[in-house]
2 protein chains.
Amino acid sequence: MQCLTYTTVAVCTTKIGLPWMKKKKLDYTWFWEQLDAYLERANLKHSKQRNSIIEYFLDLDDHVSAEDLHTYAKDQGATAGMATIYRTLNLLKDAGLVDQKQFSDGKAVFELNRPDSHHDHLICTVCGKVVEFENSQIERLQEEVAKKYGMRLTHHSLDLFGVCERPKCKGRK
Amino acid sequence: MQCLTYTTVAVCTTKIGLPWMKKKKLDYTWFWEQLDAYLERANLKHSKQRNSIIEYFLDLDDHVSAEDLHTYAKDQGATAGMATIYRTLNLLKDAGLVDQKQFSDGKAVFELNRPDSHHDHLICTVCGKVVEFENSQIERLQEEVAKKYGMRLTHHSLDLFGVCERPKCKGRK
DNA sequence: TTACATGCAAATCTTTTGCAATGAG
DNA sequence: CTCATTGCAAAAGATTTGCATGTAA
């Protein structure tokens, strides 16, 4: 599949866990700064593999499984063992830079945890298309619910499952 | 821990995946009827183990992992292989009587899918306490979001994570 | 020079499956 | 009787870990 324009936001996503088309090139300095800070704090180091795995992860820039990343890295000619992929993803998780999610497909997917934008998911159960959305009214109601039960909210996870109406959507999950 | 009154709704839950205190005795005839219908439709049978595993599941009546159920069944003096536990839970899932959820702890938890009531979760990340809630305003907004993206909603999953304010809550996850 | 990082293989952990024996209808 | 169910052990799939070796600071 080819994606010729890089202006749209959440198209060209056809299957959970596969490498998506790249969107527009984003600025990740905030990411690398936070990473540096974390590595220093934890007495850890940069390394060739670690850096390149992370770059590949940022390339894919969406719901990425360890296997996706491994495949993609290899396709790009990198030598990256599965163990290192996992170790790197766990490092990013520890650094608070990615979130790990289970879409109950067995394998976990990791996504970039942007400091500013949180998003929820609309997932088509037929074709696997994932659309991200954000709804401040829902967020506000969540805070209300949490307060009502005496809980201080740290984060949340909202996934809406359904069937999308794209003409393309015919296949199986 | 003892729970002496059976009138409250979601207390006495201390840790994800452990047997909770029983709430008030509920009427599960709707469940058994639906199960019977499914077994007949699928040319399957009742059996001693299957029935007792299901009864234990209904006893626990909350977010139950296969291991929880296995342990509980053994404690009650039943002979139930892990494989049968899984097979039974998958059967209930196929019958549409339970939902499977992944709280990203590695192991899946199963919960009763009551035909009427859907609930979301408030989860304390420190002590693991789970509270169920329902908020019709949130549900309505979800429908709006789905419509906006051209999707027909079938179900959803909303988990709010935070720290609860119970005096008891001190431990680690 | 001193940890930390890597790759491989082996180990874990959860869940599924093959197979011979048992049991339900 | 026939076909589904069970238990065990083995298999499978995802993730982690031990260890010898390589490498950043």
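Residues numbered from 1 in each chain as written. Chains lettered and ligands numbered in written order. Predicted model: local features only at pLDDT ≥ 70, side-chain atom pairs only at ≥ 80, totals over all residues. Heavy atoms only, no water.

**A few points about the sheet that holds strand S1 (residues 64-65) of chain A**
Residue and element names in this part refer to chain A. For clarity, the cut-off: In this scheme, strands are said to pair when DSSP sees at least two bridges between them. Each helix is a run of H or I in the DSSP string that is no shorter than four residues. Each strand is a run of E no shorter than two, and both are numbered from the N terminus. Contact between two residues is taken to exist if any of their heavy atoms lie within 4.5 Å; hydrogens are not considered. Only C-alpha atoms enter the line fits that serve as axes; for helices the fit covers just the stretch in contact. Angles between N-to-C directions range over 0 to 180 degrees.
If you trace the three strands from one edge of the open sheet to the other, you get S1-S3-S2, paired in antiparallel fashion. Edge positions in the open sheet fall to S1 and strand S2 (98-102), since each of these has one partner strand only. As paired strands, S1 and strand S3 (residues 108-112) are joined by two bridges and run antiparallel to one another. Residue pairing across strands places valine 64 opposite phenylalanine 110, the latter belonging to S3. Packed on one face of the sheet, helix H2 (residues 48-60) meets S1, S2 and S3 and runs near 85 degrees to S3. With respect to the sheet, helix H4 (residues 82-94) is in contact with S2 and S3, its orientation differing from that of S2 by roughly 115 degrees.

**Overview of the UniProt feature "binding site: Zn(2+)" (unreviewed entry) in chain A**
All names here are of chain A. Quick note on the threshold: UniProt positions are given in the numbering used here, feature names are shortened, and annotations may be inferred rather than shown by experiment. Relative accessibility under 20% of the residue-type maximum defines a buried residue, over 50% an exposed one, and the middle range a partly exposed one, all with a 1.4 Å probe and only protein chains included.
Taking the numbering used here, the UniProt-annotated feature "binding site: Zn(2+)" (unreviewed entry) corresponds to Cys124, Cys127 and Cys164. Considering the arrangement of structural elements, one finds cysteine 164 in strand S6 (residues 151-164). The buried category is assigned to cysteine 164, whose relative accessible area is 8%.

**Re the side chain of Ser157(A)**
Threshold: Two N or O atoms count as a polar contact when they lie within 3.5 Å, although within protein this holds only if one can serve as hydrogen donor and the other as acceptor, and sequence-adjacent residues are included solely when both atoms are side-chain atoms.
By secondary structure assignment, the location of Ser157(A) is in strand S6. Polar side-chain contacts of Ser157(A) include one of 3.3 Å to the side chain of Lys101(A). Those residues in contact with Ser157(A) that sit more than four places away from it in its chain are Lys101(A), Ser157(B), Leu158(B), Asp159(B) and Phe161(B).

**Side note on the protein's contact with DNA strand C**
For clarity, the threshold we go by: To be near a molecule or strand, a residue needs just one of its heavy atoms within 4 Å of it. Gly counts as polar in this scheme, as do all residues outside two lists: the nonpolar Ala, Val, Leu, Ile, Met, Phe, Trp, Tyr, Cys and Pro, and the charged Asp, Glu, Lys and Arg.
Around DNA strand C, the structure places 19 residues, and the nearest of them are Ser47(A), Arg50(A), Thr79(A), Thr84(A) and Tyr86(B). Here the atoms of DNA strand C within 4 Å of the protein split so that 67% fall in sugar or phosphate, with bases taking the remainder. Elements with a minimum of two residues in the surface near DNA strand C: H2 and H4 of chain A together with helix H4 (82-94) of chain B. The element best represented in the surface near DNA strand C is H4(B), accounting for four residues. A breakdown of the residues in the surface near DNA strand C according to their chemical character gives five nonpolar, eight polar and six charged.

**Side note on the packing of aromatic side chains**
Residue and element names in this part refer to chain A. Basically, it comes down to this: Ring pairs shown here join Phe, Tyr and Trp side chains whose ring centres sit within 6.5 Å, with only the six-membered ring taken for Trp; geometry is labelled stacked below 30 degrees between planes, edge-to-face above 60, and tilted in between.
Within the structure shown, the criterion is met by six aromatic pairs over all chains. Here tryptophan 30 and phenylalanine 31 contribute two aromatic rings whose centre-to-centre distance is 5.8 Å and whose plane-to-plane angle is 85 degrees, an arrangement assigned as edge-to-face. On the basis of relative accessibility, which here comes to 21%, the residue tryptophan 30 falls in the partly exposed class. Note on phenylalanine 31: relative accessible area 0%, which makes it buried. Members of the aromatic cluster, connected to one another through ring pairs, are Trp30, Phe31 and Trp32.

**Looking at unusual backbone geometry**
Residue and element names in this part refer to chain A. In this model, asparagine 43 sits at a positive phi of 60 degrees, which is unusual for a non-glycine residue. Its location among the elements puts asparagine 43 in the loop between helix H1 (29-41) and H2. Residue class for asparagine 43 comes out exposed when judged on its relative accessible area of 72%.

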